[in-house]
Amino acid sequence: FHVSQRGDPQLSAIPKDLIAFFRAATCMVDVNNQANVVPTLGHGYSSKIQALLRDIPKDERSVIFTSSITALTHLMTIFKACGITYRALYTRQNSSAAEKAVETWKQSIIDEEGNVTFSARVLIVQAGAAASGLTLTAACKMFFLEPFVRQEEELQAFARCHRFGQVNPVHVKVYFSPVSVESRLLEWRKLAESAGPQDTRVVYTDFMDVDYGDNNNDEKESGNDVDEPSGEDSDDVNQTLFLLGLN
């Protein structure tokens, strides 16, 4: 759509002022205005993205992890608009392309005055694309765009930078939106840590009543035909209910 203040023929029922507001809020370029320039750094972005843009160092490499391919694509678009050089790793990516992205990210050029220019300042990594043998010790600044559902994946991502060959302290920052699923996920982790492994209680929730029909008596006598949920499955159910505010 030609989203501009003058409107668009395909959106004739929408007020022009609303379209102009939408264009400004989403940083869309007015295709009818040739003098339109690239949006300024952080203009129209969410508070989380603005914080990330402020935190990305200019004089060293950094790694950004996200669990969503949509968020990864969104970051690529933002970095391109802001002039931030980057490379990306994502699931289902060709292995040779992934290796090339990492190697390009690690490259740098030092001029006669000692100034360092990086081929790419940022490496964006989707959760699941960080293989066990991946080494990212070229960076000591890590950013998580959101807390991962499984904390084990965060620890695995952290291990990509904090491993043998790293000579600098590794700094990690996790962004989350307050009063959201992300904040409830962090609250769930605190409750799990405070409970401890011995005090953790598993609660089974019945989603429906099961009618065994004519074989009801036989199954009750045998006691072996009804499978109870495993501990890991029940933990996932309880976590989901907690994140949705149902538990």
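Rules behind the numbers
- Residues numbered from 1 in each chain as written.
- Predicted model: local features only at pLDDT ≥ 70, side-chain atom pairs only at ≥ 80, totals over all residues.
- Heavy atoms only, no water.
- Helix = DSSP H or I, 4+ residues; strand = E, 2+ residues; numbered from the N terminus.
- Contact = heavy atoms within 4.5 Å.
- Areas by Shrake-Rupley, 256 points an atom, 1.4 Å probe, with all protein chains shown as cover.
- Phe/Tyr/Trp six-rings, centres within 6.5 Å; stacked < 30°, edge-to-face > 60°.
- Buried < 20%, exposed > 50% of the residue type's maximum accessible area, 1.4 Å probe, protein only.
- Lys, Arg positive; Asp, Glu negative; His and termini not counted.
- Salt bridge = Lys/Arg side-chain N within 4 Å of Asp/Glu carboxyl O.
- Polar contact = N/O pair within 3.5 Å; in protein donor to acceptor, adjacent residues only side chain to side chain.
- Pairing = 2+ DSSP bridges.
- Axes fitted to C-alpha atoms, helices over the stretch in contact; angles between N-to-C directions.
- pLDDT = per-residue confidence, 0-100.

Engineer: Help me get a handle on the overall build of the protein, residues and values and all.
Structural biologist: Counting secondary structure elements, the protein contains eight helices and seven strands. Expressed as a percentage of contacts within the protein between residues at least 6 apart in sequence, the contacts between residues at least 24 apart total 69%. With the model as given, the accessible surface of the protein reaches about 16500 Å², and the carbon-plus-sulfur share is 53%.

Engineer: Summarise the packing of aromatic side chains; cite the residues concerned and give the values.
Structural biologist: Taken as a whole and judged by the stated rule, the model has four aromatic pairs. Between Phe65 and Phe144, the aromatic rings sit 5.4 Å apart at their centres with planes inclined by 20 degrees, giving stacked as the arrangement. One end of the pair, Phe65, is in strand β1 (residues 62-66); the other, Phe144, is in strand β6 (residues 141-144), with 79 residues separating them in the sequence. Judged by its relative accessible area of 2%, Phe144 is buried. Between Phe79 and Tyr86 the ring centres are 6.2 Å apart and the planes differ by 55 degrees, which places this aromatic pair in the tilted class. The same class applies to Phe79 as to Tyr86, namely buried.

Engineer: If you had to explain the side chain of Glu146 to someone new, which residues and values would you point to?
Structural biologist: With respect to the helices and strands, the residue Glu146 is situated in the loop between β6 and α5 (151-161). Lys48 provides the closest opposite charge to the buried, salt-bridge-free Glu146, at an N-O distance of 5.2 Å. A polar contact of 3.2 Å, which involves the side chain of Glu146, links it to the side chain of Thr66.

Engineer: Tell me about the sheet that holds strand β2 (residues 86-89), residues and numbers included.
Structural biologist: If you trace the five strands from one edge of the open sheet to the other, you get β2-β5-β1-β6-β7, paired in parallel fashion. Both outer strands of the open sheet, β2 and β7 (171-174), are each paired with one neighbouring strand and no more. Neighbour to neighbour, the strand axes of the sheet diverge by 20 degrees on average, direction disregarded. In the sheet, β6 pairs with β7 via four bridges, with the strands oriented parallel. In the strand pairing of β7, Phe143 is matched with Lys173. Sheet strands in contact with helix α3 (residues 69-82) are β1, β2 and β5 (122-126), and its direction is about 165 degrees off that of β5.

Engineer: Can you explain the pairing of β1? Please cite residues and give values.
Structural biologist: Counting buried residues along β1, five of its five residues qualify, which places the element largely inside the surrounding structure. Side chains Ser62, Ile64 and Thr66 of β1 all project onto a buried face; the interleaved residues Val63 and Phe65 project onto the opposite face, where all are buried too.

Engineer: Before we move on, can you summarise unusual backbone geometry with the specific residues and values?
Structural biologist: A positive phi is found at Arg92, a non-glycine position, where the angle reads about 65 degrees. Position of Arg92 relative to the elements: it lies in the loop between β2 and α4 (95-106). Unlike most non-glycine residues, Val179 shows phi in positive territory, near 50 degrees. Within the fold, Val179 resides in the loop between β7 and α6 (181-199).

Engineer: Provide a residue-level description of the environment of Ser47, including the pertinent values.
Structural biologist: Assignment of secondary structure puts Ser47 in helix α2 (residues 47-55). For Ser47, a relative accessible area of 63% corresponds to the exposed category. When the C-alpha positions of Ser47 and Ser177 are compared, they lie 8.9 Å apart, and in sequence the two are 130 residues distant.

Engineer: Talk me through the confidence of the model for the protein; I want residue IDs and the actual numbers.
Structural biologist: Per-residue confidence for the protein averages 75 on the pLDDT scale, and 64% of its residues sit at or above 70. This model gives residues 34-39 a pLDDT under 50, and the stretch forms five contacts once residues within four places in sequence are excluded. This stretch, residues 198-213, has a pLDDT under 50; its non-local contacts, to residues over four places away or in other chains, come to 12 contacts.

Engineer: Please give an account of the pattern of salt bridges that cites residues and values.
Structural biologist: Where charged atoms from two side chains of opposite charge approach closely, those side chains can pair. Under the defined criterion, the tally for this structure stands at four salt bridges. Across the pair Lys48 and Glu182 runs a salt bridge whose closest N-O atoms are separated by 3.0 Å. Pair noted here: Lys48 is in helix α2 and Glu182 is in helix α6, with a separation of 134 residues, a long-range link. What makes Lys48 buried here is its relative accessible area of 15%. Of the residues examined, Glu182 reaches a relative accessible area of 19% and is grouped as buried.

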